[in-house]
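Observations on the three-dimensional arrangement
Read off the chains here:
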Amino acid sequence: MMDKTLFDEMIQTRRLLHTIPEEGWTEFHTTYIVVERLKDIGYTDIRTGKAIINPEAVMGRNPDVVKKGIERAESEGVPAEFIESIDEYTGCVAVLDTGRPGPVTAFRFDMDCNPVEETHDPEHVPNKLGFRSTHPGFMHACGHDGHTALGLAVARWLMQNKDELTGTFKLVFQPAEEGVRGANAIAASGVLDDVNTIVGSHCGGVPKLHEVGILRKGVLASTKFDIYFTGTPSHAGNNPHKGHSALMAASATSMMLVGIPRHGEGATRVAVGRMVAGEGRNVTPVHAYIQMEVRGETAEINDYLCDKVEKIVKGNAEAYEVDYRIERVGEATTIVECPEVLDTLEEIAHGVEGVTKVINLDRPAGSEDFTMLLKRVVDHGGRGGMFRWGCNHHGHHRADFDLQDTESMPIGFEVFTRYAKKTNGKA
């Protein structure tokens, strides 16, 4: 198992990051910590900003939210010069060239948090041990603090073992996984176009503590929509006939969206998660806003759902005589199954100390924008795969989420580093 010094640093880093959760596209403090740590480790090729983010492919990045994230990060000591140097885009890619011929292997680690207020239950481990979130309304409720800390531990191990390795490694610290918003822009930058193999991981899910899951199938393609309706105001008592209600258009749309016929050739999901509308009790509502998503077992099924969404929105806008706008603010596809990579990950997991069970995951479940990175790599002749290192939890995105870091994270670390040795080790 891993060296104690490396283990201690990994756990301390995870708990530090847990105190400063940052939502997608605002991970400025987290990015600063990652970049500075990579420099300390000895990495000299650290790419940020538009070198790894294609602005034309960015999804779901709200300028007002980003501005607030920058202000908070600077108040916490992140230099303004650093934020300017990364073009106000979070995330980074660290490159380690061993100087010896060999494959280009990429590992991906996501960084963002959830808009969840952390529980005040005194038995919750971050409360008990003093590393709860210091950002009200935000929490690492999906374990990405653990993912980032794990990535930094892998980065140090690679540097320490550089002389025993071949080829090149690219470590992707990705922003905005929640809402599947960040990977598309990294993929479109071309930074991974020379990669032979990419591997990603996630904590939890179906696998419990001391279990490892291999993602064979079941990752759903998904599209996230923000829908805006703009109506015409009027006095609800004096001139109701002169108004056109955005609220009514949004309400009708919401009901019709959840009634989209399900597809007969695979799993479908439709969720309307948020609706905000209206100005006052006696004013015909002028503005309405819907956040919703669709998911499909295949890209084709997801496209079918997207087409239905757009037709429903357009039809209701016409029926209620309001204007509308639809924005796609997140995108993920299904996982490309690369048996050779997945079989290798399964074989490695069986040999890791502390792993009691290795399971194949193939049931329709959530979505993951690692799929966008994997697709880009496969489209350029490469391959890849994803695994889960288990933890015990009551559900992701909950106020009481925790991942038993001292027991779960070393297993993820071992799978990554053993994969590195297997694919890029000296013959």
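In what follows, the structure referred to is the one given above.
So, here is what we can say about the structure in this document. (Residues numbered from 1 in each chain as written. Predicted model: local features only at pLDDT ≥ 70, side-chain atom pairs only at ≥ 80, totals over all residues. Heavy atoms only, no water.)

1. Side note on a negative patch on the surface
Put simply, the test is: Like-charged residues are merged into a patch within 9 Å and nonpolar side chains (Val, Leu, Ile, Met, Phe, Trp, Tyr) within 5 Å, provided each residue has over 30% relative accessible area and no salt bridge. Residue-level accessible areas treat just the shown protein chains as cover; the underlying method is Shrake-Rupley with a 1.4 Å probe. Criterion for a salt bridge: a side-chain nitrogen of Lys or Arg within 4 Å of a carboxyl oxygen of Asp or Glu. We score Asp and Glu as negative and Lys and Arg as positive, and we do not count His or the chain ends. Charge coordinates come from a single atom per side chain, which is NZ of Lys, CZ of Arg, CG of Asp or CD of Glu. Each helix is a run of H or I in the DSSP string that is no shorter than four residues. Each strand is a run of E no shorter than two, and both are numbered from the N terminus. Throughout, exposure labels follow a simple rule: accessible area from a 1.4 Å probe, protein chains only, divided by the maximum for the residue type, with under 20% read as buried, over 50% as exposed, and the rest as partly exposed.
The grouping of Glu71, Glu74, Glu81, Glu84, Asp87 and Glu88 at the surface amounts to a negative patch. Elements with a minimum of two residues in the negative patch: helix 3 (63–75) and helix 4 (80–85). Within the secondary structure, Glu84 is located in helix 4. Take Glu84: its relative accessible area is 63%, and that puts it in the exposed class.

2. Here we look at the pairing of strand 12 (residues 383–389)
As a reminder, the rule being used: Note: two strands are recorded as paired if DSSP finds a minimum of 2 bridges between them.
In terms of residue burial, strand 12 counts as a mostly covered element, since five of its seven residues are buried. By the bridge criterion, seven bridges tie strand 5 (residues 197–203) to strand 12 in an arrangement that is parallel. Looking across to strand 12, one finds that His202 is bridged to Arg388. Bridge count for strand 6 (residues 211–215) against strand 12 is three bridges, and the pairing is antiparallel. Along strand 12, the bridge assignment pairs Val212 with Trp389.

3. A short note on the layout of surface pockets
Heads up, the condition is: With a 1 Å grid spanning the protein atoms alone, the term cavity applies to any set of points in which a 1.4 Å probe fits but cannot get out, the term pocket to an open set with protein on both sides within 12 Å along at least five of seven lines, and the term lining residue to any residue with an atom within 4 Å of a point. Grid points are joined across faces, edges and corners, and a volume is the space filled by probe spheres set on the points. Polar here means any residue outside two lists: the nonpolar Ala, Val, Leu, Ile, Met, Phe, Trp, Tyr, Cys and Pro, and the charged Asp, Glu, Lys and Arg; Gly therefore counts as polar.
Roughly 160 Å³ of volume is contained in the second largest pocket. In terms of lining, the second largest pocket is formed by Arg15, His124, Val125, Asn392, His393, His394, Asp400, Asp402, Gln404, Asp405 and Thr406. For the lining of the second largest pocket, the residue count by class is one nonpolar, six polar and four charged.

4. Notes on the sheet that holds strand 9 (residues 287–296)
As a reminder, the rule being used: Every angle, taken between N-to-C directions, lies between 0 and 180 degrees, and every axis is a line fitted to C-alpha atoms, over only the stretch in contact when it is a helix. Residues count as neighbours in contact if any of their non-hydrogen atoms are within 4.5 Å of one another.
If you walk across this open sheet you meet the four strands as 8-9-7-10, and the pairing is antiparallel. What marks the edges here is a single partner per strand, and that holds for strand 8 (268–277) and strand 10 (323–332). Across this sheet, the average inter-strand angle for adjacent strands is 15°, counted without regard to direction. Direction of pairing for strand 8 relative to strand 9: antiparallel, over a ladder of nine bridges. Following the sheet pairing, Val270 is matched in strand 9 by Val294. Together, strand 7 (221–230), strand 8 and strand 9 form the strand contacts of helix 8 (residues 246–257), whose direction differs from that of strand 9 by roughly 15°.

5. Quick look at the packing of aromatic side chains
Here a ring pair, both rings aromatic, is described through the centre-centre distance and the interplanar angle of the planes. Filter applied, for reference: When the centres of two rings from Phe, Tyr and Trp lie within 6.5 Å, Trp using its six-membered ring, the rings pair. Their planes under 30 degrees apart give stacked, over 60 give edge-to-face, and anything left gives tilted.
According to the stated counting rule, one finds eight aromatic pairs in the structure shown. Between the aromatic rings of Phe107 and Phe169, the centroid separation amounts to 6.2 Å while the plane-to-plane angle is 45°, which identifies the pairing as tilted. Placement of the pair is Phe107 in strand 3 (residues 104–110) and Phe169 in strand 4 (residues 168–174), with a sequence separation of 62 residues. Relative accessible area serves as the criterion here: at 0%, Phe169 is assigned to the buried category. Consider the rings of Tyr228 and Tyr289, whose centres lie 4.9 Å apart with planes at 25°: the pair is stacked. On the criterion of sequence distance, the pair formed by Tyr228 in strand 7 and Tyr289 in strand 9 is long-range, its members being 61 residues apart.

6. Side note on the pattern of salt bridges
Once their charged atoms are close, side chains differing in charge can pair, the charge on each being opposite to the other. Per the counting criterion, the structure on display carries 29 salt bridges. Ionic pairing is found between Arg14 and Asp145, a salt bridge with its closest N-O pair at 3.0 Å. Remark: Asp145 occurs in helix 6 (residues 144–160) and Arg14 occurs in helix 1 (residues 4–19); sequence separation between them is 131 residues. On the accessibility criterion, Asp145 (1% relative accessible area) is buried. Close ionic contact of Asp405 with Arg14 constitutes a salt bridge, the shortest N to O distance being 3.0 Å. Of this pair, Asp405 sits in helix 12 (residues 405–424) while Arg14 sits in helix 1, placing them 391 residues apart in sequence. Pair check on accessibility: Asp405 and Arg14 agree, each one buried. Shared partners join several salt bridges into a network, and the residues in it are Arg14, Arg15, Asp145, Asp402 and Asp405.

7. Some remarks on the packing of helix 1 against helix 6
Just so we agree on the cut-off: These descriptions rest on fixed angle ranges, namely under 35 degrees for roughly parallel, over 145 for roughly antiparallel, 65 to 115 for roughly perpendicular, and the rest for oblique. Note on convention: the crossing is left-handed when the near helix lies turned anticlockwise from the far helix by less than a right angle, right-handed when the turn is clockwise.
The contact between helix 1 and helix 6 brings their axes to 8 Å, and the two run at 150°. Judged on the interaxial angle alone, helix 6 and helix 1 are roughly antiparallel. For the pair helix 1 and helix 6, the sense of crossing is right-handed. Two secondary-structure elements touch here, helix 1 through Leu6, Glu9, Met10, Thr13, Arg14, Leu17 and His18 and helix 6 through Asp145, Gly146, Thr148, Ala149, Leu150, Leu152, Ala153, Arg156, Trp157 and Gln160. By residue class, the composition of the contact of helix 1 with helix 6 is eight nonpolar, five polar and four charged.

8. Let's talk about the sheet that holds strand 3
Sheet architecture is open: eight strands sit in the order 1-2-4-3-5-12-6-11, paired in mixed fashion. The open sheet has two edge strands with one neighbour each: strand 1 (45–47) and strand 11 (357–361). Between one strand and the next, the sheet's axes are offset by a mean angle of 20°, whatever the strand orientation. Packing of helix 2 (residues 28–41) onto the sheet brings it into contact with strand 1, strand 2 (92–97) and strand 4, and relative to strand 2 it is tilted by some 15°.

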